[in-house]
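Each chain is listed here by its residues.
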Protein chains: 2
Amino acid sequence: MATMKSAGAGRPGRQPTIIDVAREAHVGVMTVSRVINNYDTVKPVTRAKVMSAIARVGYRPNDAARMLKGMRARMIGFIVPDLSDFFSSCFHAAQKVAMQHDYQTMVVATGRSAAVENRQLDSLGNHRISGLLIVTSGGDGQRLKHLQESGIPVVALDRPVAGLDADAVLVENREGAEQGVRHLIEHGHKSIACVGFDGDVFTVRERIEGYKQAMRAAGLEPQVFADIQSLERMEELVGRWSNTKKKPSAIFAAQRISSIRLIQALHRVGLRVPQDIAVVGFDDFELADVLGTPLTVVSQSPTSLAQSAAELLFKQIEQAQQESGTEHHPAKIIFPTRLILRASCGCSPKA
Amino acid sequence: MATMKSAGAGRPGRQPTIIDVAREAHVGVMTVSRVINNYDTVKPVTRAKVMSAIARVGYRPNDAARMLKGMRARMIGFIVPDLSDFFSSCFHAAQKVAMQHDYQTMVVATGRSAAVENRQLDSLGNHRISGLLIVTSGGDGQRLKHLQESGIPVVALDRPVAGLDADAVLVENREGAEQGVRHLIEHGHKSIACVGFDGDVFTVRERIEGYKQAMRAAGLEPQVFADIQSLERMEELVGRWSNTKKKPSAIFAAQRISSIRLIQALHRVGLRVPQDIAVVGFDDFELADVLGTPLTVVSQSPTSLAQSAAELLFKQIEQAQQESGTEHHPAKIIFPTRLILRASCGCSPKA
DNA sequence: CTGAAAGCGCTAACAT
DNA sequence: ATGTTAGCGCTTTCAG
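- The name recorded for chain A in an unreviewed UniProt entry is LacI family DNA-binding transcriptional regulator, from Acidicapsa dinghuensis.

Next up, the structure:
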């Protein structure tokens, strides 16, 4: 093997520090610091000397030391309920933006627990992150407010945080749901039920609202089942329908997991889609088009969503570094949805 | 609103420090430090006084300052190619273990790029993490070796890292694939092809090896298509089969994404499973049982895998804190797979 | 068992 | 344009 990289003239075995670099470059430590931080008051020749010295001794700035002086780490927090398909797409998009800015990303999945979210938020406070992207699990807005007040930009993703005045990047849940349900109504359905996995979640609440709006506008009676949290409960619900006469002729599934559970349950109970029952789901997924019956969905774009959010965040981070006085006026960005027609709604499958 | 939490007797507006706590508790700073770090040389009464003072002033230790003194952050790194279904399950399991130890998790998705992996590995070096869990994207073993040598425990997950002697938690890829292929052979198939998304990846290579072994053991000719990286290429491949007479009668898909692409392609080209062509895939997924034809798979358990890996990691972290001299003897844990029979292999769907 | 002093590596605030 | 000094909050000596 080749010789180990020399640790410079300093103590052997230890990471080189700016002092080692300063010695090597025959300049003061402050000059080195200025080079590292891209101050423009360094003569190009000096800068070059320092740069070369940095490379020669293999110096890497010590984040801990900078943070001690009040600087924040080049790291953003990313808090989500879980890393299911949708949120992991969000993560990839956000991380991509972070990497472009040379930031790392610290991920926390709360497991959909507000308590865990709160606990982790407290932990995050100690890590001197530069900013936070959060899909809330219903945690405490106060904690976030404190973070904000202590100078950490926060952007809400997918859902607003109650009691927090922050940038938010959301989806047209209500309108999207309305459009999906309206499509079922246009197919002639009169009895349309709505199933959801967790009616407490903002996005689901909104979609259910959209569903109700569409139903009422058509003079139809909403039938909401907002908390079907397992395949078993879904089977129970669907089974009840298949046995009685008052089976709805169509169903709107308010989130991805509901669509999946619904399809699984329908499959097990032996109801055919769309002949026995038509289905439209909210949120698209990879396999939606190779299911027994390809699923019609209201689709959203997790990557654009998260990319916007991350860009908003870094805009704030950069501003915060310059002028700390100005009041930030929270931005709200709302992304539209798109109805993707496949077979489950009753449309004939087309090429 | 209630009164803001007082910042103690120190400078108002700033986070309280151990000095504030010491003053409040009428003890020296060192005593406070000892309490925080659970030294057992503190009289219970003193400890109580300090604890109460800590609570009163709302003190939270400053990680940056501790790290300056050479301690590592209560944070582990988690590097993966992406956060697809499989790896996000891994993440959840690993984070759960980390949280139990009161550690945070820093996630990096490399996008399957060895270059990104290397770059991020360098970044990680500055963050003084306590340990690293890595599913390599083919990055440089040397960098990891340096991390290890600088005292950061590393555990390889799902794939070993070339040129690195570290704990590893793997899956019986070869045996699992063999079993899956053997099952197809038992169904009477003679012409069985194997498709993969990326033949360079360790796990896929191993599974292909298992496939070949099973084929050769039965005196059959292996037909490997190891780099079908898109739906288009898969459709092309499948289309070619449907037009000629030398169509294989069964296919073994070496990874999840291959199974999915294969099924999509088969669906588009109009080949029925298992009548026209039987399929067995490696790695189970949520919707495998509600596809047009429920998919038979060789399943692995991402959560047990990642949990073991995380536990191994924390075992090392704890050891490293105590005795730094002892040589670590790398552990290898290999998890078995399980063949889940559904309909795509030709078995009749059963209740 | 407890305390006082000396830095860890860096940067803000002053020199020069 | 560059150098010097004084800490940031904590823990590691070393003394009580």
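Past the structure itself, the notes keep going.
Re the environment of Thr293(B)
All names here are of chain B.
Moving on, step 1. Relative to the assigned elements, threonine 293 resides in the loop between β9 (278-282) and β10 (296-299).
Moving on, step 2. C-alpha separation for the pair threonine 293 and valine 279, spaced 14 residues apart in sequence, amounts to 9.7 Å.
Moving on, step 3. Sequence-distant contacts of threonine 293, defined by excluding residues within four places in its chain, comprise Val273, Pro274, Ala288, Ala343 and Ser344.
Moving on, step 4. One polar contact links the side chain of threonine 293 to the main-chain carbonyl oxygen of valine 273, over a distance of 2.6 Å.

Let's talk about the protein's contact with DNA strand C
Moving on, step 1. Near DNA strand C, the surroundings consist of 25 residues, among which Ile18(A), Tyr59(A), Thr31(B), Arg34(B) and Thr46(B) are the closest.
Moving on, step 2. Among the atoms of DNA strand C lying within 4 Å of the protein, the sugar-phosphate backbone contributes 62%.
Moving on, step 3. Contact distances for DNA strand C include 3.0 Å between a phosphate oxygen and a side-chain N or O atom of Arg66(A).
Moving on, step 4. Thr31(B) is positioned such that a nitrogen or oxygen atom in its side chain is 2.2 Å from a phosphate oxygen of DNA strand C.
Moving on, step 5. The set of elements that each furnish at least two residues to the surface near DNA strand C consists of α2 (29-36) and α4 (63-68) of chain A together with α2 (29-36) of chain B.
Moving on, step 6. The class makeup of the residues in the surface near DNA strand C is twelve nonpolar, eight polar and five charged.

With respect to the pairing of strand β3 (residues 131-134) of chain B
Every other side chain in a regular strand lies on the same face of the sheet, so the side chains alternate between the two faces.
Residue and element names in this part refer to chain B.
Moving on, step 1. Of the two faces of β3, the one lined by Gly131 and Leu133 and the one lined by Leu132 and Ile134 are each fully buried.
Moving on, step 2. Examined bridge by bridge, strand β1 (residues 75-80) and β3 share four bridges and lie parallel to one another. Following the sheet pairing, glycine 77 is matched in β3 by leucine 132.
Moving on, step 3. For β3 and strand β4 (residues 154-157), the ladder comprises three bridges, and the chain directions are parallel. Residue leucine 132 lies in a different strand from β4, and its bridge partner there is valine 154.
Moving on, step 4. Regarding topology, helix α7 (residues 141-149) serves as the crossover connection from β3 to the parallel β4, and that connection is right-handed.

Some remarks on the interface of chain B and chain A
Moving on, step 1. Across the boundary between the two partners, chain B contributes 46 residues, which contact 46 residues of chain A.
Moving on, step 2. Of the roughly 4200 Å² buried at the junction of chain B and chain A (both faces included), carbon and sulfur atoms supply 55%.
Moving on, step 3. Here chain B is connected to chain A by four salt bridges.
Moving on, step 4. Where Arg261(A) meets Glu286(B), a salt bridge forms, and the shortest distance between an N and an O atom there is 2.7 Å.
Moving on, step 5. Inspection of the chain B/chain A interface yields 18 residue pairs in polar contact (both at pLDDT 80 or more).
Moving on, step 6. For the side of chain B that touches chain A, the secondary structure elements donating two or more residues are α4 (63-68), α5 (85-100), β2 (104-109), α6 (114-125) and α11 (256-269) of chain B.
Moving on, step 7. Tallied by class, residues from the side of chain B that touches chain A come to 22 nonpolar, 14 polar and ten charged.

Considerations on the packing of aromatic side chains
Moving on, step 1. Taken as a whole, this structure holds ten aromatic pairs over all chains when the rule is applied.
Moving on, step 2. Their ring planes at 80° and their centres at 5.5 Å tell us that Phe86(A) and Phe87(A) sit as a pair that is edge-to-face.
Moving on, step 3. Note on Phe87(A): relative accessible area 7%, which makes it buried.
Moving on, step 4. Aromatic side chains Phe225(B) and Trp241(B) sit 5.8 Å apart centroid to centroid with 75° between the ring planes, which places their arrangement in the edge-to-face category. One end of the pair, Phe225(B), is in strand β7 (residues 223-225); the other, Trp241(B), is in helix α10 (residues 231-243), with 16 residues separating them in the sequence.
Moving on, step 5. We classify Phe225(B) as partly exposed; its relative accessible area is 23%.
Moving on, step 6. Seen from the ring of Phe282(A), Arg207(A) lies directly overhead, with NZ or CZ sitting 3.9 Å from the centre.

Observations regarding the UniProt feature "domain: HTH lacI-type" (unreviewed entry) in chain A
Moving on, step 1. As annotated in UniProt, the feature "domain: HTH lacI-type" (unreviewed entry) corresponds to residues 16-70 of chain A in the numbering used here.
Moving on, step 2. Helix makes up 65% of residues 16-70 of chain A and strand 0%, whereas the separation of the span's terminal C-alpha atoms amounts to 22 Å.

Some points on empty space enclosed by the protein
Moving on, step 1. A full pass over the atoms with the stated rule returns one cavity of 30 Å³ or more.
Moving on, step 2. The computed volume of the largest cavity comes to approximately 80 Å³.
Moving on, step 3. What lines the largest cavity is Asp63(A), Met67(A), Ala73(A), Met75(A), His127(A), Asp63(B), Met67(B), Ala73(B), Met75(B) and His127(B).
Moving on, step 4. Secondary-structure elements contributing two or more residues to the lining of the largest cavity are α4 of chain A together with α4 of chain B.

Observations regarding the protein's contact with DNA strand D
Moving on, step 1. Lining the immediate environment of DNA strand D, one finds 24 residues, of which Thr31(A), Thr46(A), Ile18(B), Met30(B) and Tyr59(B) sit closest.
Moving on, step 2. Taking all atoms of DNA strand D within 4 Å of the protein, the share assigned to sugar and phosphate is 60%.
Moving on, step 3. In the environment of DNA strand D, a phosphate oxygen lies 2.4 Å from a nitrogen or oxygen atom belonging to the side chain of Tyr59(B).
Moving on, step 4. Separating a phosphate oxygen of DNA strand D from a side-chain N or O atom of Arg66(B) is a distance of 2.9 Å.

Considering the nonpolar core
Moving on, step 1. With 60 residues, the main nonpolar core has Phe78(A) and Phe78(B) as its most contacted residues.
Moving on, step 2. One finds Val195(A), Ile277(A), Leu231(B) and Ile263(B) within the second-largest nonpolar core, a separate group that totals 54 residues.

Some thoughts on the pattern of salt bridges
Moving on, step 1. Counting across every chain of the model gives 32 salt bridges over all chains.
Moving on, step 2. Counted as one network, the salt bridges with shared partners bring together Asp85(A), Arg256(A) and Asp283(A).

Focus: the domain arrangement of chain A
Residues and elements named next belong to chain A.
Moving on, step 1. Taken domain by domain, chain A holds domain 1 (18-165) and domain 2 (173-300 + 338-345).
Moving on, step 2. Averaged C-alpha coordinates put domain 1 and domain 2 at centres separated by 41 Å.
Moving on, step 3. Between domain 1 and domain 2, the residue contacts involve five residues of the former and seven residues of the latter.
Moving on, step 4. Between domain 1 and domain 2, a total of about 570 Å² is buried, with carbon and sulfur atoms accounting for 60% of that surface.
Moving on, step 5. Linking domain 1 with domain 2 are one salt bridge.
Moving on, step 6. Between aspartate 85 and arginine 256 there is a salt bridge; the shortest N-O distance is 2.6 Å.
Moving on, step 7. At the surface where domain 1 touches domain 2, the tally comes to one residue pair in polar contact (both at pLDDT 80 or more).
Moving on, step 8. Tallied by class, the residues present in the side of domain 1 that touches domain 2 amount to two nonpolar, no polar and three charged.

Some remarks on the relation of the copies chain B and chain A
Moving on, step 1. Once chain B has been moved 0.0 Å along the axis and rotated by 180°, it coincides with chain A to within an RMSD of 0.1 Å. The symmetry that links the two subunits is that of a two-fold axis.
Moving on, step 2. Of all interface residues in chain B, 100% are interface residues in chain A too; the two copies therefore contact each other through one and the same surface.

Description of helix α1 (residues 18-25) of chain B
All names here are of chain B.
Moving on, step 1. The complete set of buried residues in α1 reads Asp20, Val21, Ala22 and Ala25.
Moving on, step 2. Contacts made by the buried residues of α1 are with α2 and α3 (44-57).
Moving on, step 3. N-cap assignment for α1: the residue whose side-chain oxygen lies 3.0 Å from the backbone N of isoleucine 19 is threonine 17.

Rules used in this analysis
- Residues numbered from 1 in each chain as written.
- Chains lettered and ligands numbered in written order.
- Predicted model: local features only at pLDDT ≥ 70, side-chain atom pairs only at ≥ 80, totals over all residues.
- Heavy atoms only, no water.
- Helix = DSSP H or I, 4+ residues; strand = E, 2+ residues; numbered from the N terminus.
- Contact = heavy atoms within 4.5 Å.
- Polar contact = N/O pair within 3.5 Å; in protein donor to acceptor, adjacent residues only side chain to side chain.
- Near = heavy atom within 4 Å.
- Nonpolar A, V, L, I, M, F, W, Y, C, P; charged D, E, K, R; others polar.
- Buried < 20%, exposed > 50% of the residue type's maximum accessible area, 1.4 Å probe, protein only.
- Pairing = 2+ DSSP bridges.
- Right-handed = clockwise from strand over helix to strand, strands pointing away.
- Buried area = accessible area lost by both parts, 1.4 Å probe.
- Salt bridge = Lys/Arg side-chain N within 4 Å of Asp/Glu carboxyl O.
- Phe/Tyr/Trp six-rings, centres within 6.5 Å; stacked < 30°, edge-to-face > 60°.
- Lys NZ or Arg CZ within 6 Å of the ring centre and 35° of its normal.
- UniProt positions renumbered as here; feature names shortened; annotations may be inferred.
- 1 Å grid on protein atoms, 1.4 Å probe; cavity = no way out; pocket = protein on both sides within 12 Å on 5 of 7 lines; lining within 4 Å.
- Points joined across faces, edges and corners; volume = space filled by probe spheres on them.
- Core = buried A, V, L, I, M, F, W, Y, C linked by side-chain atoms within 4.5 Å.
- Domains from an automatic or database assignment.
- Least-squares fit on C-alpha atoms with pLDDT ≥ 70 in both.

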